[in-house]
Every structure is written in structure tokens, then in C-alpha cells.
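So the chains spell out like this:
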Amino acid sequence: IALMKDCISRRTFLKTAVGAGACLYGLNYLSSLHRPRPLKTLKDTRLKKGLVVAHGGQMGGRTEEETVREMTRRALEALGGIDKLISRGDKVVIKPNLSWNRAPEFAANTNPFLVAALIELARGAGASRVKVLDNTCSSNPATSYEISGIARAARKAGAEVCFVQPSRLREVTIPGGKALSSWAFFDDFILKEEVDVLINVPVAKHHSTSRLTMALKNVMGMVGWDRGALHKDIHPKISDLNRVVKVDLTVLDAYRVLRDHGPTGGRFEDVDNSPEGARQIVVGRDPVAVDSYGATLFGLQARDIGFIREAHEAGLGEMEYKLYGIEEFSI
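Counting from 1, residues in each chain are numbered in the order their sequence is written. In keeping with the model being predicted, local features are shown solely for residues with a pLDDT of at least 70 and side-chain atom pairs are shown and tallied solely at 80 or more, while totals for entire chains, interfaces and linings include all residues. Computation of side-chain values covers all heavy atoms of the structure but excludes hydrogens and water.

### Some words on the packing of helix α2 (residues 64–79) against helix α3 (residues 112–124)
Relative placement of two packed helices is described by the angle separating their axes and the distance separating the axes. Where α2 meets α3, the axes come as close as 9 Å, and the angle between the chain directions of the two elements is 45°. Our classification of the angle between α2 and α3 gives oblique. When you trace α2 past α3, the crossing you get is right-handed. On α3, the residues touching Glu 64, Glu 65, Val 68, Arg 69, Thr 72, Arg 73 and Leu 76 of α2 are Phe 113, Leu 114, Ala 116, Ala 117, Leu 118, Glu 120 and Leu 121. Amino acids outside the nonpolar list (Ala, Val, Leu, Ile, Met, Phe, Trp, Tyr, Cys, Pro) and the charged list (Asp, Glu, Lys, Arg) are all regarded as polar, and Gly is one of them. Tallied by class, the residues present in the contact of α2 with α3 amount to eight nonpolar, one polar and five charged. As a rule, the C-alpha atoms of each element are fitted with a line to give its axis, helices using only the stretch in contact, and angles between N-to-C directions run from 0 to 180 degrees. Secondary structure elements follow DSSP: runs of H or I no shorter than four residues count as helices, runs of E no shorter than two count as strands, and numbering proceeds from the N terminus. An angle below 35 degrees is treated as roughly parallel, one above 145 as roughly antiparallel, one from 65 to 115 as roughly perpendicular, and anything else as oblique. The handedness criterion is simple: a crossing whose near helix is rotated anticlockwise from the far helix by less than a right angle is left-handed, and one whose near helix is rotated clockwise is right-handed. In this description, contact between two residues means that some pair of their heavy atoms is separated by no more than 4.5 Å.

### Overview of the packing of helix α8 (residues 234–244) against helix α10 (residues 306–313)
Contact geometry of α8 with α10 gives a least axis separation of 8 Å together with a crossing angle of 45°. On the basis of their axis angle, the class for α8 and α10 is oblique. Crossing of α8 against α10: the hand is right-handed. Side by side, α8 and α10 meet where His 235, Pro 236, Ile 238 and Ser 239 of the first sit next to Gly 306, Phe 307, Glu 310 and Ala 311 of the second. A per-class count over the contact of α8 with α10 returns four nonpolar, three polar and one charged.

### Things to note about the pattern of salt bridges
Salt bridges are defined as contacts in which a side-chain nitrogen from Lys or Arg sits within 4 Å of a carboxyl oxygen from Asp or Glu. On inspection of all chains with the given rule, the structure shows 20 salt bridges. Notably, a salt bridge pairs Glu 194 with Arg 168, separated by 3.0 Å at the nearest N-O pair. Of this pair, Glu 194 sits in the loop between α6 (187–190) and β8 (197–201) while Arg 168 sits in the loop between β5 (160–161) and β6 (169–173), placing them 26 residues apart in sequence. For the pair formed by Glu 194 and Arg 168, the shared burial category is buried. The partner of Arg 267 in a salt bridge is Glu 269, with the nearest N and O atoms 3.7 Å apart. For every residue, the accessible area obtained with a 1.4 Å probe (protein chains only) is divided by the maximum for its type, and the residue is called buried under 20%, exposed over 50%, and partly exposed between those limits. A residue is classified by how much of its surface remains accessible, and Glu 269, at 60% relative accessible area, is exposed. Salt bridges here are not isolated pairs; linked through shared partners, they connect Lys 131, Arg 168, Asp 188 and Glu 194.

### Section: the side chain of Arg 37
Take Arg 37: it is sitting in the loop between β1 (32–33) and β2 (51–55). For this analysis, a polar contact is any N or O atom pair within 3.5 Å, provided that within protein one partner can donate a hydrogen and the other can accept it, and provided that sequence-adjacent residues contribute only side-chain to side-chain pairs. A polar side-chain atom of Arg 37 sits 2.4 Å from the main-chain carbonyl oxygen of Lys 246. Side-chain polar atoms of Arg 37 contact the side chain of Asp 248, separated by 2.8 Å. Ignoring sequence-local partners within four residues, the contact set of Arg 37 consists of Phe 189, Ile 190, Leu 191, Lys 192, Val 195, Asp 196, Val 197, Leu 198, Lys 246 and Asp 248.

### Brief notes about helix α5 (residues 150–157)
For the α-helix, the turn length of 3.6 residues means that residues three or four positions removed from each other point alike. Taken residue by residue, α5 has Ile 150, Ala 151, Ala 153, Ala 154 and Ala 157 as its buried positions. Buried residues of α5, seen end-on, are gathered within an arc of 170° and therefore sit on one face of the element. The exposed residues of α5 that point more than 90 degrees off its buried face are Arg 152 and Lys 156. Of the residues flanking the end of α5, it is Gly 158, one or two places downstream, whose phi is positive at about 105°. Working definition: the arc comes from the directions between the helix axis and the C-beta atoms, pointing outward to the latter.

### Describing the pairing of strand β9 (residues 203–207)
For β9, the tally of buried residues reaches four of five residues, placing the bulk of the element in the interior. As paired strands, β9 and strand β11 (residues 249–258) are joined by two bridges and run parallel to one another. By the bridge assignment for β11, Val 203 is matched with Asp 253. Inspection of the sheet shows β9 paired to strand β10 (residues 211–213) by three bridges, in the antiparallel sense. Considered in β10, the bridge of His 207 is made with Arg 211. When DSSP finds at least two bridges between two strands, those strands are taken to pair.

### Focus: helix α9 (residues 287–296)
In terms of residue burial, α9 counts as a mostly covered element, since nine of its ten residues are buried. Taken residue by residue, α9 has Pro 287, Val 288, Ala 289, Val 290, Asp 291, Ser 292, Tyr 293, Gly 294 and Ala 295 as its buried positions. At the N-terminal boundary of α9, the capping side chain belongs to Asp 286, with an oxygen 2.8 Å from the backbone nitrogen of Val 288.

### Quick look at unusual backbone geometry
For the peptide bond that leads from Gly 262 to Pro 263, omega is 10°, which places it in the cis range. Inspection of the secondary structure assignment puts Pro 263 in the loop between β11 and β12 (271–272). With a phi angle near 60°, Trp 225 is a residue other than glycine that sits in the positive phi range. Structurally, the position occupied by Trp 225 is in the loop between α7 (215–218) and α8.

Dropping the structure here:
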């Protein structure tokens with residue numbers, strides 16, 4: 001059943017079968033684009049810190065939703081304020097990890113409360129539209145959207161909840177690509193007409209092929225064609241995709257951390273939800289720096305992860321994340 005619109009009501013959403021095509025790559029429209037949307041310029045070129053890490057601690061009697069919302073709000077304030085990035089009238093796209101038919105407790109998808117908090121902050125900064133979407137790996141994307149809790153949380157917070165559309169794929173030349181000379185990207189993430197501010201909201205988890213998946217790999221949910229083909233020589237290919245996509249803000253969900261059997265998860269014993277090892281939200285403008293910090297959550301260093309090294313060597317960001325200045329706090 002092909003969707004007639006990008007963004008759909010809850011009733012239509014629940015009725016939708018495969019056809020928006022999370023892992024479907026038929027192209028009705030294909031063209032070449034050589035100059036993707038640039039990064040959004042900050043109103044004030046200085047941020048307070050380059051990287052902010054919010055720790056959830058013991059929650060202090062708060063619910064998870066209250067804790068995640070407060071962590072998100074304070075992390076962005078510590079970074080310098082979301083109003084430096086989002087101007088009144090801006091079109092904002094939020095890209096969580098929505099890949100799998102898993103409830104939030106399994107940490108296979110982004111925490112829905114984090115997505116909702118970002119939507120509310122974006123709307124508070126004057127965004128004219130906030131759209132939430134991902135190219136899932138589920139046979140039925142509507143199921144992943146609903147089971148993850150993100151669709152409901154996003155609608156409640158005032159966002160448009162959308163599926164990617166195969167008709168909106170566009171082949172993009174990858175300048176300087178090491179393993180890819182071009183690939184198909186969805187317009188929603190790369191065209192100025194579609195997005196003024198792109199916020200990438202990955203979840204920190206183990207991955208059987210790339211070892212970890214965080215911000216840089218989450219860009220794979222912004223592309224089409226046969227994504228399975230990207231898994232051979234995956235590390236330089238992840239870096240190449242990030243040469244095209246211009247992410248304005250990265251918010252890494254490490255409130256729960258999937259430490260094994262990723263990316264799909266499905267076992268509670270693989271999920272870390274402890275104050276000592278998880279319950280963190282990491283915010284920054286540089287996805288390489290965010291992922292470099294994220295690697296430490298698994299007892300690793302940035303150089304241990306191929307796609308982080310590749311992205312750094314391609315000039316896409318800094319592995320030595322402390323060079324930017326880092327602020328950590330607990331609530």
C-alpha cells in the first residue's frame with residue numbers, strides 16, 4: 001500500500017502495511033545532486049562547550065520521562081542553548097534510530113522521551129515544523145514506529161510523524177568518497193527546501209558488523225538502495241555517507257546501553273540501565289567527537305572503531321573530544 005503523503009495520522013499509521021518501504025529501494029525518482037544542504041550557521045558562533053554529558057544518576061524519585069526531559073533540557077543549555085541553532089520559522093528534522101520492533105526497555109531504538117524532549121525544545125525555539133522519521137529495517141515500518149514508543153511520544157509533543165518515501169530518493173555524488181562515489185539519500189535529510197536544522201538522535205549500542213553503532217552509523221537510516229551492500233567494508237562507507245549529510249546537532253541516547261547482541265537486541269540481560277554504566281545523554285555539534293566519547297561507554301577508545309577513525313581521517317570531526325571542552329553534570 002503506497003502512502004499518498006509523507007506524514008500521516010495515527011489512524012492511517014496503524015493501518016499502513018509495507019509500502020512506505022523501510023528497506024524497499026525502488027526508485028521512482030532519481031537525480032544527481034552535487035551540493036547538499038550546508039550546516040546551519042549558529043546565531044552566535046561560540047558555544048559554551050563542545051561536548052556536554054548529562055548523567056541521570058539515581059533519578060531522585062523522578063520518573064524516567066521526567067529524568068530524560070530534564071537531562072536533555074539542561075544538556076542543551078550547557079551547550080549554549082538550542083535557540084542558537086533553531087530560528088523562528090525553521091523546518092526541523094529529527095532522525096532517531098527506529099530500526100527495530102522493540103520496546104524502549106530493550107535499547108534497540110532511541111528513547112522516546114528523549115525524542116519528545118527535543119521536539120518540545122525545537123517548538124519552543126520557534127520551529128515552524130518538526131518532522132520525525134527514519135528508514136527502518138523492519139518489514140513494516142509502522143510497527144517499529146509504534147512499538148518503539150516514538151510515534152506516540154512524537155505526536156504528543158507536536159511533531160509530524162512520517163515515513164520515508166522511495167519516490168524521494170536522490171542519487172548524490174560523494175565528493176572525495178573513499179569507498180563510495182555516490183549513493184541514494186532521502187530528500188528529507190539533505191535538501192535545504194526540506195530541512196533547515198537536522199538533529200541526529202542515535203542510541204548507543206553494540207553492532208555485530210561495525211562493532212558499535214552511534215551517531216555516524218545512524219546516518220544509514222537516511223539513505224536507500226540496498227543498505228545490505230554497505231556492510232562490506234562498512235567503516236569507510238559510513239564515513240563516506242557522512243561526507244554528504246550535514247548534521248547540525250547530535251544527541252546520543254545512552255540512557256540505556258545495549259552492550260551485546262546488537263543491533264537488534266531483544267534480551268534484557270544485554271541492556272545496561274545502571275547509573276554507573278548508562279543513564280547518559282551526550283550532546284555536541286561534532287558527531288565524530290560524540291561517537292568518540294560514546295566508545296568509552298563500552299570500554300573502548302575512538303581509534304578502536306573503524307568508522308570513527310575513517311571519519312576523523314576524512315576531516316569530518318575530532319576524535320580527541322576533550323579538545324573542544326567537555327562539561328559533565330548529574331541531575
